[in-house]
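Here are the chains, one letter per residue:
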Amino acid sequence: MGVLPVPVEVRAILLDIEGTTTPIAFVQETLFPYIKDNVKEYLRAHWEEEECQQDIGLLRKQAQEDSSLDGAVPIPLESGNGEEELERVIQAVVDNVHWQMSLDRKTTALKQLQGHMWRAAYATGHVKGEIFEDVVPAIRKWREAGMKVYIYSSGSIEAQKLLFGYSTEGDILELFDGHFDTKIGPKVESESYRRIAASIGCATNNILFLTDVPQEANAAEEADTHVAVVIRPGNAGLTDDEKSYYSLISSFTELFLPSST
């Protein structure tokens, strides 16, 4: 794919995570299976804690909203009738989480519980965030050249900070000037990129967005944001039209900054 010159007006680089800084396999084969395999044990260990009860409350509310959906799993209230009832409620929460994850849902309730479980997993060393080896050296060079670097991911900001704070490269949070998640808007809507530009304090064409998802790239382009699509092992394939239309890179080292001359 060679070298991709970065437009001279670009002042900030906005990075997707999954399939861009981090292998898709890490998310699909490590992070999500960790939730499925450990959610019951986590709930039993933390059930009495206020944070866990808040998580359960959100999941219960979401289950009520989902009650008309096919296969939805209700979460009953506790009446305080002993261990057997508690186990039934915990199992209902586990089944609800598994159901939501089987549909790849991104509800706030699910993401909040996942974030708290991942926080515990990272802190105890059970999980380390995987980063492609070209990422950290490239970001250091961009920052030396005066670039700002931001993250925009569908995962919560807390989950983003855990991944980069407990990564295979150590704590690399200092490399990022800010984080955005879907609270600023969906990644496939152009307005989200306008909001990010306003938050950063620049024009949309001062930003270069790196993502592996053409629909996201298209939305960013509609907002007049510069885009490159990242080709990584395990990423979904691109159509011939997408390959010919988008600027493509397979490593962050392929970006050439004018200020680095």
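Residues numbered from 1 in each chain as written. Predicted model: local features only at pLDDT ≥ 70, side-chain atom pairs only at ≥ 80, totals over all residues. Heavy atoms only, no water.

**Re the environment of Ala228**
Now for step 1: For Ala228, the location among the structural elements is in strand β6 (residues 226-230).
Now for step 2: In this structure Ala228 touches Leu4, Leu208, Phe209, Leu210, Thr211 and Ser247, once residues within four positions along its chain are discounted. (Helix = DSSP H or I, 4+ residues; strand = E, 2+ residues; numbered from the N terminus. Contact = heavy atoms within 4.5 Å.)

**Some words on the sheet that holds strand β4 (residues 178-180)**
Now for step 1: Spatially, β4-β3-β2-β5-β6-β7 is the arrangement adopted by the six strands of the open sheet, whose pairing is parallel. Pairing within the sheet leaves two strands with one partner each, and these edge strands are β4 and β7 (248-249).
Now for step 2: Taken together, the four bridges between strand β2 (residues 12-15) and strand β5 (residues 207-211) define a ladder with parallel strand orientation. When the bridges of β5 are listed, Leu14 appears paired with Phe209. (Pairing = 2+ DSSP bridges.)

**Structural notes on the domain arrangement of the protein**
Now for step 1: Split by domain assignment, the protein resolves into domain 1 (4-22 + 129-256) and domain 2 (28-124).
Now for step 2: Spacing between the C-alpha centres of domain 1 and domain 2 amounts to 31 Å.
Now for step 3: In this complex, domain 1 contributes 10 residues to the contact, which on the side of domain 2 involves 10 residues.
Now for step 4: Between domain 1 and domain 2, the buried area comes to about 820 Å², and carbon and sulfur atoms account for 58% of it.
Now for step 5: When the area that domain 1 buries against domain 2 is broken down by residue, the three leading residues are Glu158, Leu162 and Tyr166, summing to 48%.
Now for step 6: In this structure, the connection of domain 1 to domain 2 is made through one salt bridge.
Now for step 7: Across the pair Glu158 and Arg119 runs a salt bridge, and its minimum N-O distance is 3.4 Å.
Now for step 8: The interface formed by domain 1 and domain 2 holds three residue pairs in polar contact (both at pLDDT 80 or more) in total.
Now for step 9: Here the residues of the side of domain 1 that touches domain 2 are counted per class, giving four nonpolar, three polar and three charged. (Domains from an automatic or database assignment. Buried area = accessible area lost by both parts, 1.4 Å probe. Salt bridge = Lys/Arg side-chain N within 4 Å of Asp/Glu carboxyl O. Polar contact = N/O pair within 3.5 Å; in protein donor to acceptor, adjacent residues only side chain to side chain. Nonpolar A, V, L, I, M, F, W, Y, C, P; charged D, E, K, R; others polar.)

**Points about the pairing of strand β3 (residues 148-152)**
Now for step 1: Along β3, four of the five residues are buried, which leaves the element largely enclosed by surrounding structure.
Now for step 2: As paired elements, β2 and β3 share four bridges and run parallel to each other. Bridge pairing in β3 places Ala12 opposite Lys148. (Buried < 20%, exposed > 50% of the residue type's maximum accessible area, 1.4 Å probe, protein only.)

**As for the packing of aromatic side chains**
Now for step 1: Per the counting criterion, the structure on display carries nine aromatic pairs.
Now for step 2: Geometrically, the ring pair formed by Phe32 and Trp118 is tilted, given 5.8 Å between the ring centres and 50° between the ring planes. Within this pair, whereas Phe32 is found in helix α1 (residues 24-46), its partner Trp118 is found in helix α4 (residues 108-123), the two being separated by 86 residues in sequence.
Now for step 3: Judged by its relative accessible area of 8%, Trp118 falls in the buried class.
Now for step 4: Both rings, one in Tyr122 and one in Tyr166, keep their centres 6.0 Å apart while their planes meet at 20°; by these two values the pair is stacked. With Tyr122 in helix α4 and Tyr166 in the loop between α6 (157-165) and β4, this residue pair connects regions lying 44 residues apart in the sequence.
Now for step 5: Put simply, the rings of Tyr152, Tyr193 and Phe209 touch in pairs and so form one group of aromatic residues.
Now for step 6: Over the aromatic face of Phe132 sits the side chain of Arg232, whose NZ or CZ is 4.1 Å from the ring centroid. (Phe/Tyr/Trp six-rings, centres within 6.5 Å; stacked < 30°, edge-to-face > 60°. Lys NZ or Arg CZ within 6 Å of the ring centre and 35° of its normal.)

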